[in-house]
Amino acid sequence: MEVSNVNNVKIYKLSGGKSQPEALSDGIKGKAKNKDDAYRRRIELIQDFEMPGVSYCVKMSPDGQYICAAGTYKPKFRCYDVHQLCMKFDRGLDSDIVNFELMAEDYSKVCFLHCDRYVEFHNQSGRLMRLRIPKFGRDLAYYPPSCEVYFAAHSSEIYRLNLEKGRFMKPLQTSGTDFNCCEFNPVNYLFGAGSVLGHLECWDPRDKTRCGILDVAASNFIQDLDTNTIPEITAMKFRNDGLTVGLGTSTGHVLLYDLRARKPFYMKDHNYELPIKSIEFQDSQDLVMSMDSKILKMWNRNTGKHLTSIEPGVSLNQLCVVPDSGLMFMANEAPKILTYFVPTLGPAPRWCITLDSITEELEEKTESSVYDDYKFVTRSELDELGLTHLIGSNLLKAVMHGYFVDMRLYHKAKSVADPFAFEKYRKEKIREKIEAERQNRVKLKKLPPVNRDLAAKLMEEDDANKVDSNASESRAVQTILKDDRFAAMFQNPDFQVDTESSDYKLLNPLVAKLDKDRKKRQEKSILSARFKEVEGEDEVEGRPSDESSSDDEQTWSRELKQQHQQAVRQKIREERAAEMEEKRRARLFEIKDGEQIGVRSDQSKRKDEKLSLAERLEVSKIRDQSTFIGSVGNREMTFTSKKKKDKRSVELERRKEHMEERKKIRRSGNRLLKPARGKMGKMGQMF
């Protein structure tokens, strides 16, 4: 049993503890439970009051003898007998249940509305009939005078099934599109249905006429909402007076209406913007119990004053309150069905009357946490005192990891085991007194773990400013030391000042000046104290002090310039060294086989310096194989790519070269033909 006190109202949770897997056999479950101390010490109101995975609905029979619950997975319907405080039967179903209705005083007649448009009717032996409705159903209500079941579905019609005739009757034609919930007034049997458009339509089941429409969206509370969507009616409940109805919206509001009025007389906001799941009225204290998927709130019906709330930490589905008692059940997204008992709402039911006596004993039982006549000692302390031989006797009482021992016995054992304890106590007190006097005489400064030097300097500046009566500077120093915004500078190691960095060295002259001033003030205070001890209180002050101060200022300015110049030179040296290192580590281009890179010597450089500018450009063009474009100095390099020759081109080129060689070697025949022609001519002349 878990007890909580919310708003000074005791709430007892009777469903605490762990759930065991359903796959385990009963024998294994029993052995595991017997070994579990928490299970053996539990207070379980109803045995196995749980579902395999999730519970959707939980209701109590009109005669108050049975508790029925539906859940998944696998889809199941379970009935519990309150007189036996255990499960009566467990029945498997084909699909998940949206809602169910008990049509008799006990569990003998039950109507189930499934998520797949099917409606089932069960009796004591099992399923009696199964049929299908035209649209997916969301809620159902039973009208006993005509033995009809009304279904609110994803449709503009309210379906009516007559169980006496065994057929569907003419549906109620409404002005809405979809309906989420429906219920009959327990006094006058007025039928009400809440739509997604925020309308509550009321019908008279006797002549099947609509009595009126209540527009929730037209209320004043809709103007305060940030969204432009119309709030849907997700839950409704008629009070036993026949005139009051509670409506829950999808925006997390609960509106209480008098059926004779158009506007609500009270509106409650859950402030979670979650749809309201269930609404119940508690008549004995005139309370309203409204529940969304996160929390159950109890508040006064007329004033709206908050009484208490229950937030179990799991998503809630449905609320069931035992009539005329403070006991309630909640179906949720967990295996165990939550059970709570609130004595403020009423007594326990007759079938668990012992619950009142248990809660009364818990309230009357007072446990004293402070023992004046006993001393708590651990086992190690008991060994030091030499009282281990008393373990098991009535002189020692075992509690948790130690024992309670009588104070007189403890003092006697302490004096025997440590006879010099009083002397140690006396010396400790003397030491504490001396330390306290030292703290009064010498004020110690506690330095932070990070930037200790900076904190010490700021503290000394603060003391100096207080002496000089410089309020502005003292306030600035106190702001840095005491303001939470600068706390990380003296706590986080990432803010540690690096005295070796170049930036710090550039600012070092100023820091050195502050250090010198601080040291001078310390030396001056020491010398003045010594002078006062020797010469007395009188001290001559005059012109030389002013001259010395001017000389100090000139010396400080020279030192400041020298240090700044040294820091700048050092920074330039570091930059040059970094550039040289980068150049040294730069990658060279890869050199192909057969290529050579010439390294120019100092002598060749001197020769180039003697040449004129035009000659230098020509030499650089030849050397670099580049040309200049324009007058700015841009260069252009030209390259010729060698294409790979195929066998045919190589053969043609070879033949061409061969023919050229033959032409060069071949002698002309003109010289041979001319003499022949001459001779022929002479011979011709001869003939």
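Our subject is the structure listed above.
To keep things clear, this report deals only with the structure shown in the data block. (Residues numbered from 1 in each chain as written. Predicted model: local features only at pLDDT ≥ 70, side-chain atom pairs only at ≥ 80, totals over all residues. Heavy atoms only, no water.)

**Observations regarding the overall build of the chain**
We apply this condition: A helix here means a DSSP run of H or I that spans at least four residues, while a strand means a run of E at least two residues long, and both kinds are numbered starting from the N terminus. Exposed residues in this analysis have more than 50% of their type's maximum accessible area, buried residues have under 20%, and partly exposed residues fall in between, with area computed by a 1.4 Å probe over protein chains only. In what follows, residue pairs with any heavy atoms lying within 4.5 Å of each other are defined as contacts.
What the chain contains, in helices and strands, is 15 helices and 34 strands. Per-residue burial for the chain yields a buried fraction of 32% across its 687 residues. Sequence separation of at least 24 residues holds for 43% of the intrachain contacts in the chain that already meet a minimum separation of 6.

**Let's talk about the sheet that holds strand 9 (residues 118–122)**
Going by this rule: Two strands pair if DSSP finds at least two bridges between them. Note on method: axes are straight lines fitted to C-alpha atoms, helices fitted across the in-contact stretch only, with angles between N-to-C directions ranging 0 to 180 degrees.
An order of 7-8-9-10 is seen for the four strands of this open sheet, with the pairing classed as antiparallel. Unpaired on one side and paired on the other, strand 7 (97–102) and strand 10 (127–132) mark the two borders of the sheet. Pairwise comparison of adjacent strand axes, ignoring direction, gives a mean angle of 15° for this sheet. Of the strand pairs in this sheet, strand 9 and strand 10 are connected by five bridges, and their pairing is antiparallel. Each residue of the ladder has a partner; that of Tyr118, found in strand 10, is Arg132.

**Observations concerning the pattern of salt bridges**
Quick reminder of the rule: Salt bridges are identified by distance alone: a Lys or Arg side-chain nitrogen within 4 Å of an Asp or Glu carboxyl oxygen.
Evaluation of the coordinates by the stated rule reveals 24 salt bridges. Between Glu120 and Arg127 there is a salt bridge, with the nearest N and O atoms lying 3.2 Å from each other. A relative accessible area of 47% means that Arg127 is categorised as partly exposed. Glu201 is the salt-bridge partner of Arg210, the closest N and O atoms lying 3.5 Å from each other. A relative accessible area of 38% means that Arg210 is categorised as partly exposed. Taking the relative accessible area as the measure of exposure, Glu201 reaches 1% and is therefore buried. Within this structure, Asp94, Asp116, Glu120, Arg127 and Arg130 form a network of salt bridges that share partners.

**Brief notes about the pairing of strand 8 (residues 110–114)**
The element strand 8 is largely enclosed, with a buried count of five among its five residues. Going residue by residue along strand 8, you find Val110, Phe112 and His114 tucked away on one face and Cys111 and Leu113 tucked away on the opposite face as well. Two strands pair when backbone bridges link them, and strand 7 and strand 8 are joined in this way by five bridges, in the antiparallel orientation. Within the sheet, the bridge partner assigned to Phe100 lies in strand 8 and is Phe112. Between strand 8 and strand 9, which pair antiparallel in sequence order, lie three residues; one of them, Arg117, sits at a positive phi of approximately 75°.

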